[in-house]
Amino acid sequence: MGAQIIDGKSIAADIRRDLKGRVDGLREQGIIPGLTVILVGDDPASQTYVRSKQRTSGEVGINSNVIELPKDTSQSELITLINDLNQDDKVHGILVQLPLPGHLDTDAVIRAINPAKDVDGFHPTNVGNLWAGLDGGFAPCTPSGIMELLHRSEIEPSGLNAVVMGRSNIVGKPMAGLLLKANATVTICHSRTQGLEDHLRQADILVVAIGRARFVKADWIKPGAVVIDVGMNRVDGKLCGDVDEGARDVAGYITPVPGGVGPMTIAQLLVNTVIAAERTLLL
Ligand code: GUN
């Protein structure tokens, strides 16, 4: 008996369809949700992501604008641009594509974004809201998308052992915060964790975000567990996850790579942008 495959591509398409209705509702009230993406430099992977964000935004009726800046853009030029966007009522969401070139201070750039427009959920105010369990902020898109995958697959985290592998600010840490908010018992494992396999074998829900191809083996997985693979590794030109394919014979549910978590990240970015626009109606 193989694991049930969680089809992120199809769930993301459902989310986009739902969103289109909300965007139409906003338009009737004279609001067109606006997302501005700032891309500094010419990193090809970032350019690919940004193009994909723009195309998908257009499909649901979000007005998406990409500002491309040269790689030698100064800190003050970038902060000035963010300040202008913070003041612009037509811009509901601001996303600065990471990583930034090395001479720029990423933390200061993120802090410059108005938290109400921080659709990435990276601003310390939004990080604090997430960990304090407060509503009204934004959580980062990949972990929010994973919570939506669980929800739409009718997997209820409350009371379960959730193990998150990886402790990045973009995925691992906010993932742990969201699972805790959903009443899971959460363990975070990382590159220094001792007895890793023993921790993993306890996991009813396992989220792996370490960027190491096929690192997690089938016999580390509890039979019937929910396995969420955030990995996007290229091996011999082929995309593969952080979890070995043999896991499909052990897990109860598993996300494929590609077509699992990946499509959910952009869908969630659009959700956050629409939420940011809807909140302006309440001001
Ligand atoms: N680079 C890789 N993932 C992300 C993301 O979710 N947001 C931003 N801004 N940059 C990224």
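Residues numbered from 1 in each chain as written. Predicted model: local features only at pLDDT ≥ 70, side-chain atom pairs only at ≥ 80, totals over all residues. Heavy atoms only, no water.

### Focus on empty space enclosed by the protein
Part 1 of the reasoning: Taken as a whole and assessed by the stated rule, the structure comprises 1 cavity of 30 Å³ or more.
Part 2 of the reasoning: Element by element, the count of residues in the lining of the largest cavity is highest for strand E4 (residues 93-96), at 3 residues.
Part 3 of the reasoning: Tallied by class, the residues present in the lining of the largest cavity amount to 7 nonpolar, no polar and 2 charged. (1 Å grid on protein atoms, 1.4 Å probe; cavity = no way out; pocket = protein on both sides within 12 Å on 5 of 7 lines; lining within 4 Å. Points joined across faces, edges and corners; volume = space filled by probe spheres on them. Helix = DSSP H or I, 4+ residues; strand = E, 2+ residues; numbered from the N terminus. Nonpolar A, V, L, I, M, F, W, Y, C, P; charged D, E, K, R; others polar.)

### As for the sheet that holds strand E7 (residues 205-208)
Part 1 of the reasoning: Ordered in space as E1-E11-E8-E7-E5-E6, the 6 strands form an open sheet in which the pairing is parallel. The open sheet has two edge strands, strand E1 (4-5) and strand E6 (185-189), and neither has a second partner.
Part 2 of the reasoning: Bridging between E1 and strand E11 (residues 253-254) involves 2 bridges; their strand directions are parallel. Its bridge partner being in E11, Gln4 is matched across the sheet by Tyr253.
Part 3 of the reasoning: Here helix H7 (residues 172-181) sits on the sheet in contact with strand E5 (161-165), E6 and E7, set at roughly 170° to E5. (Pairing = 2+ DSSP bridges. Contact = heavy atoms within 4.5 Å. Axes fitted to C-alpha atoms, helices over the stretch in contact; angles between N-to-C directions.)

### Concerning unusual backbone geometry
Part 1 of the reasoning: The omega torsion across Leu98 and Pro99 is 0°, close enough to zero to call that bond cis.
Part 2 of the reasoning: In this fold, Pro99 is placed in the loop between E4 and helix H4 (106-112).
Part 3 of the reasoning: Residue Val257 is joined to Pro258 through a cis peptide bond whose omega torsion reads -5°.
Part 4 of the reasoning: Examined against the element boundaries, Pro258 turns out to sit in the loop between E11 and helix H9 (262-280).

### Quick word on the pairing of E6
Looking along a regular strand, one sees the side chains alternate between the two faces of the sheet.
Part 1 of the reasoning: Relative to E6, E5 is paired through 5 bridges, and the arrangement is parallel. Bridge assignment links Asn161 to a residue of E6, and that residue is Thr185.
Part 2 of the reasoning: A crossover connection joins E5 to the parallel E6 through H7; in handedness this β-α-β unit is right-handed. (Right-handed = clockwise from strand over helix to strand, strands pointing away.)

### What about the site of the ligand?
Part 1 of the reasoning: By nearness alone, every residue bordering the ligand is listed as Leu95, Val96, Gln97, Leu98, Asp120 and Phe122.
Part 2 of the reasoning: A distance of 2.8 Å separates a nitrogen atom of the ligand from a polar atom in the backbone of Val96.
Part 3 of the reasoning: Asp120 places a side-chain nitrogen or oxygen 2.6 Å from a nitrogen atom of the ligand.
Part 4 of the reasoning: Surface burial for the ligand is 81%, taken as the share of its 280 Å² of free accessible area covered by protein chains.
Part 5 of the reasoning: The cavity where the ligand resides is the largest pocket.
Part 6 of the reasoning: Of the residues belonging to the shell around the ligand, the class tally is 4 nonpolar, 1 polar and 1 charged. (Near = heavy atom within 4 Å. Polar contact = N/O pair within 3.5 Å; in protein donor to acceptor, adjacent residues only side chain to side chain. Areas by Shrake-Rupley, 256 points an atom, 1.4 Å probe, with all protein chains shown as cover. Sits in = over half its atoms within 2 Å of the grid points.)

### Some thoughts on the nonpolar core
Part 1 of the reasoning: The biggest cluster of nonpolar side chains holds 51 residues, and the ones touching the most others in it are Leu150, Leu179, Val207, Ile228 and Val230.
Part 2 of the reasoning: If one sorts the elements of this core by residue count, H9 sits on top with 9 residues.
Part 3 of the reasoning: Contacts of Leu150, omitting those with residues within four sequence positions, involve Ile155, Pro157, Leu179, Ile205, Val226 and Ile228.
Part 4 of the reasoning: Ranked by size, the runner-up nonpolar core spans 18 residues in total, among them Leu196, Val208, Ile221 and Ala225. (Core = buried A, V, L, I, M, F, W, Y, C linked by side-chain atoms within 4.5 Å. Buried < 20%, exposed > 50% of the residue type's maximum accessible area, 1.4 Å probe, protein only.)

### Some words on the packing of helix H1 (residues 8-28) against helix H2 (residues 44-60)
For any two helices packed against each other, one specifies the inter-axial angle together with the distance between the axes.
Part 1 of the reasoning: Here H1 crosses H2 at 60°, and the two axes come no closer than 8 Å. Classified by the angle between their axes, H1 and H2 sit oblique to one another. Residue-level inspection shows Arg16, Lys20 and Val23 of H1 in contact with H2, the latter providing Thr56, Glu59 and Val60.
Part 2 of the reasoning: Across the contact of H1 with H2, the residue classes tally to 2 nonpolar, 1 polar and 3 charged. (Parallel < 35°, antiparallel > 145°, perpendicular 65-115°, else oblique.)

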